[in-house]
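Survey of secondary and tertiary structure
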Amino acid sequence: MAQLTAGTLPELERQRETRRQRRLAIGRLRANRLAVAGGAIILALALVALAAPLLAAEDQDSMTLENQFLPPSAEHPFGTDDFGRDILSRVILGSRISLQVGLVAVGIAATVGTVIGLLAGYYGGWVDTISQWAVDVMLAFPGLLLALGVVAVLGPGLLNVMIAVGIGSFPGYARLMRGQVLALKQTEYVEAARASGATGGRILTRHILPNALSPLIVLASLGVAGAILTAAALSFIGLGAQPPSPEWGAMLSSGREYLRREWWITTFPGAAIAITVLAFNLLGDGLRDALDPRATRG
Amino acid sequence: MFKYVLQRLAAAVPVLFGVTLLVFFMVRLVPGDPVDAMFAGQAEPSPERKEAMRRQLGIDGPVPVQFARFLGDAVRGDLGDSFRSKRPVVEEIRTRFPNTVKLTLASLTVAILLGVSAGIVAAVFRGTWVDGASMLVAILGVSVPGFWLGLMVILLFSVRLGWFPVAGASTWRHLVLPAVTLGVLASAVLARMTRATMLEVLSQDYVRTARAKGLGESLVVLRHALRNALVPVVTMIGLQVGGLLSGAFIIEAVFAYPGIGLLAVNALQTRDFPVIQGIVLFVAVIYVLVNLLVDVLYGFLDPRIGFG
């Protein structure tokens, strides 16, 4: 019985504190105009992506050569491309691909990284040594080099790009999670849970993970921005989505040869990437400032 | 001091070993057979030629033997021959790498000049519209795709204004647009970092003391604050070298600038595995060494880091 009280008191105290912190963080986030703007853009993009088949003026693959290379006009606000396809419609359809790529790649990275980080941090020993070595090795590949290597292995294609970007960015999550676990392992409520006989798996999923979520959310939000950017870059050099996919990077790439006169073919998909990535960066920055007030001290 | 450098070196060895191991397995993890994958959708080469290519790739024989051979060759500077050009990969890298170094250094200069000064100005004018505007530009800088910015820069400065050539690397004028594009993108990260550390330093006691002594604001900022704020910024600059090296892959492709990035992109498109493998290994090793250098430099700059 004594053990049970020891286990519940710090737990209740922690829950109350967590709720208070969360309320404060939401308040801070709301007060950040740039973060709110980022969130609003993401929401709008998600709605556009959901309703894309309805919004796109025509079937994306319908090609009418008499419409080739039309400059932006009331009928085709973003102009038409080399096949006479409406660029606005294709940009709208492309939003589905980019959001999906960002979410899937970050999903892979965050899941793999979190599991490795949790296990390494909690169990220590050789699990930690080996995984830390692996993470160090993977972090030795700068930027998109690792993703390039993975795509080289898997071959070109959108799915492979998602996997490549996911694998390329999981070390960051693993390192973050391990640090969180090491810090949380020493806290009173984890000690209490362990004393009351909770298993390692239960402590990790019930007590440590929920408390390590804040920095994970920040990293994931910024990670979506990075993933969309890397995936578009891979598509741009011909390793990702293949034509006639309305993926933004691929659209940009196919418009390259017409840059001299038909500038709109490259300009609008590029702007779409920039705005999407900007929105996730603004939200991520705002989340970091809201969840970790120390970062903005001064 | 010597001991500290040795320690850092010793720590880099397992990482370098792991990098080599990972690159080694890269080609061996290609689903099916890398030689078949290379010829996917093309005329099938003769079995003798395929066997020769396997031998060239070093993917014949037992895996541990393969790795020992790979490691031994790599240490001696032999990364195999390109499937396409038939030249040694090391040769290919040697002819292209100076161009990439030039591009990286030029864009690093742009990034430091632009990023560090924007960061200082933003910190000094904290909370004003100057701060807001520079930070908005900085976050734009990390959001804009490099290949798109490159194309827009070509559109404006080469196609419309005709100030700079569109592609190539024969004169210094060829370097300007890719270096500025890459540098502007990298400056965004530096600007944010410099601002954050400057803000921290500006709130320290010794800065308050300097102000209280009646020193001019510019003297306080430049002499007292900046010097201390630079330590983490130097680390960031070191990390940026890696970002610039990999950013150069895409930028070189946009500007048809003949560095190792363009070489890698072309190799990826034709699945020229020895070249891909060689460049990935080469760049990762360079990156590890740059980080090592930064670590040592950091020790020099910050006396708080003991060498003991």
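Observations concerning the interface of chain A and chain B
- Counting residues at the interface gives 45 residues for chain A and 49 residues for chain B.
- Counting each side, the surface lost to burial between chain A and chain B is near 3800 Å², with a carbon and sulfur contribution of 77%.
- Looking only at chain A, the three residues that lose the most surface to chain B are A:V153, A:I237 and A:L259, adding up to 15% of its buried area.
- On the surface where chain A and chain B come into contact, there are one salt bridge.
- When the shortest N-O distance is used, the salt bridge between B:R192 and A:D285 registers 2.9 Å.
- Put simply, the parts of the chain that give the side of chain A that touches chain B at least two residues each are α5 (125-139), α6 (145-154), α10 (213-236) and α12 (264-291) of chain A.
- The element that contributes the greatest number of residues to the side of chain A that touches chain B is α12(A), accounting for twelve residues.

Quick word on the pattern of salt bridges
All names here are of chain B.
- Under the defined criterion, the tally for this structure stands at 13 salt bridges over all chains.
- In this structure, D73 engages R76 in a salt bridge whose closest nitrogen and oxygen atoms are separated by 3.3 Å.
- Among the residues examined, D73 registers a relative accessible area of 23% and is labelled partly exposed.
- Through salt bridges with shared partners, a single ionic network connects R87, E91, E92 and R94.

Structural notes on the side chain of B:S82
- Along the chain, B:S82 turns up in the loop between α4 (63-75) and α5 (89-124).
- For B:S82, the side chain forms a polar contact with the side chain of B:D272, separated by 2.7 Å.

Reading the values: rules and limits
- Residues numbered from 1 in each chain as written.
- Chains lettered and ligands numbered in written order.
- Predicted model: local features only at pLDDT ≥ 70, side-chain atom pairs only at ≥ 80, totals over all residues.
- Heavy atoms only, no water.
- Contact = heavy atoms within 4.5 Å.
- Buried area = accessible area lost by both parts, 1.4 Å probe.
- Salt bridge = Lys/Arg side-chain N within 4 Å of Asp/Glu carboxyl O.
- Helix = DSSP H or I, 4+ residues; strand = E, 2+ residues; numbered from the N terminus.
- Buried < 20%, exposed > 50% of the residue type's maximum accessible area, 1.4 Å probe, protein only.
- Polar contact = N/O pair within 3.5 Å; in protein donor to acceptor, adjacent residues only side chain to side chain.

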